[in-house]
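Chain by chain, the residues:
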Amino acid sequence: MPTLPPARILGIESSCDETACAVIENGRALIASAVASQMDIHARYGGVFPEVASRQHVLSVVPVIEQALAKSNLTLKDMDAIAVTRGPGLAGSLVVGMNAAKGLSLGLGLPLIGVNHLEGHIYSAWIHNAGDAVPPEPQFPLMALLVSGGHTELNLMTDHLTYKRLGSTLDDAAGEAFDKVGRLLSLPFPGGPAIQKAAENGDPTRFKFTRPKLDSPYAFSFSGLKTAVLYEVNDFKKKNEPIPVEDFAASFQATAVDILFNKTMQAARDFNAKEILVAGGVSANKALRNAFQPQNEFKVHIPAFSLCTDNAAMIAAAGYYRYALGHVSEMDIDVQPTWGLS
Ligand code: KG4
Ligand code: ZN
């Protein structure tokens, strides 16, 4: 591994319903981060409303950049490059961050680095707060479980920026399943955190849901689990009985966590991974974090709680490695982005 050059990267993220800006030094040290969440606005619609999201990004993007810079006690002149999420995501949302980043890059004469949002999630596990003791760096080969609202995949990472996708979801992503099950249990949006909260007082063994049998051990499928919850909930409705929301939440969460944990462990063993990394919005889930923490077979890297859901620190961190290793990707919006290899 060559010694990487020092660099300060300003990252911008606007792929879904968070407008965010952050400054990262040398790929790992978080100097400042600002996130403007639109969650309360979209909660009214029970999901992300793309047109509303784009308009909110337009309102928030400059204030968020100013906020991150103010927190950092730095100015735009102190940056070495601008990194921005280029996809996947909502097109109307992506263009807002991308155009802001292009403006900064042009105005300041700095390189512009397009970052894949999923790669950003993975690099969130490299980040620590500036000034804190530097945690051990993830070691390759690394088995990376990526669990977000739009994606669920297992990637074998053999080096920086080098991935082999082993499997992904055949239908719903893990976060999407949490959100849909949350909706059918009449919990507020987004379902992930709401299910986690409801599950705290529920019995995870009350409902037994079967695991899907798939051709590949590294593929995922969550729509059958969601439908199984739906059928059981409907049984209560038909009988006019109160729905045991907490037990449903706990049983669903336990099943989903069990599937994610077991497949990741299996893949890590099969591919002789040195360590495991878990990232993406669902990695904020306490039950999932707990499942991975007590085992001592592999060292497991999970980002700090605040870096699990969408943020710009992860985009700046991934942007740093692209910048430092000379892998600067093209800037087109990824409408159907390729991610990983083979
Ligand atoms: O990574 P992310 O912020 O956005 C995407 O890239 O999709 O992930 C959002 C997803 C949502 O589906 C949300 O319900 C889920 O992450 N999520 C959680 C938790 N916090 C967020 N799922 C389970 N438990 C949580 N605590
Ligand atoms: Zn995300």
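Predicted model, so just to flag it, every value in this text is computed and none were measured.

1. A look at the pattern of salt bridges
Once the charged atoms of two side chains with opposite charge are near each other, the side chains can pair.
Phase 1 of the analysis: Scanning the entire structure with this criterion turns up twelve salt bridges.
Phase 2 of the analysis: Arg 8 serves as the salt-bridge partner of Glu 25, at 2.8 Å between the closest nitrogen and oxygen. Placement of the pair is Glu 25 in strand E2 (residues 18-25) and Arg 8 in strand E1 (residues 8-13), with a sequence separation of 17 residues.
Phase 3 of the analysis: One salt bridge in this structure joins Glu 176 and Lys 180, with 3.1 Å as the shortest N-O distance.

2. Here's the deal with the sheet that holds strand E4 (residues 81-87)
Phase 1 of the analysis: The strand order across the open sheet built from six strands is E5-E4-E1-E2-E3-E6, with neighbouring strands paired in mixed fashion. The open sheet terminates on both sides in strands that have one partner only, identified here as strand E5 (112-116) and strand E6 (128-129).
Phase 2 of the analysis: Sheet analysis places E1 next to E4, joined by four bridges and oriented parallel. Its bridge partner lying in E4, Leu 10 is registered against Ile 82.
Phase 3 of the analysis: Contacting E1, E4 and E5, helix H3 (residues 91-108) runs over the sheet at an angle of about 155° to E4.

3. Some words on the sheet that holds strand E8 (residues 152-159)
Phase 1 of the analysis: Taking strand neighbours across the sheet as the criterion, the five strands line up as E9-E8-E7-E10-E11 in an open arrangement whose pairing is mixed. Edge positions in the sheet fall to strand E9 (162-168) and strand E11 (299-301), since each has one partner strand and no second. Sheet twist, expressed as the average angle between the axes of neighbouring strands with direction ignored, equals 25°.
Phase 2 of the analysis: Bridge count between E8 and E9: six bridges; the pairing is antiparallel. Paired with Asp 159 across the strands is Thr 162, a residue of E9.
Phase 3 of the analysis: Across the sheet, helix H8 (residues 245-270) lies against strand E7 (142-147), E8, E9 and strand E10 (275-279), angled at about 155° from E7, the strand it touches most.

4. Considering the domain arrangement of the protein
One widely used convention gives an interface's size as the accessible area the parts lose upon coming together.
Phase 1 of the analysis: Segmenting the protein into domains produces domain 1 (8-127 + 305-324) and domain 2 (142-301).
Phase 2 of the analysis: Contact residues are listed per partner, giving 20 residues for domain 1 and 21 residues for domain 2.
Phase 3 of the analysis: Carbon and sulfur atoms supply 74% of the area that domain 1 and domain 2 bury against each other, a total of about 1700 Å² over both sides.
Phase 4 of the analysis: Of all residues in domain 1, the largest losses of buried area upon contact with domain 2 belong to Leu 118, Ile 122 and Cys 308, amounting jointly to 30% of the total for that side.
Phase 5 of the analysis: Linking domain 1 to domain 2 there are zero salt bridges.

Reading guide: rules and limits
Residues numbered from 1 in each chain as written. Chains lettered and ligands numbered in written order. Predicted model: local features only at pLDDT ≥ 70, side-chain atom pairs only at ≥ 80, totals over all residues. Heavy atoms only, no water. Salt bridge = Lys/Arg side-chain N within 4 Å of Asp/Glu carboxyl O. Helix = DSSP H or I, 4+ residues; strand = E, 2+ residues; numbered from the N terminus. Pairing = 2+ DSSP bridges. Contact = heavy atoms within 4.5 Å. Axes fitted to C-alpha atoms, helices over the stretch in contact; angles between N-to-C directions. Domains from an automatic or database assignment. Buried area = accessible area lost by both parts, 1.4 Å probe.

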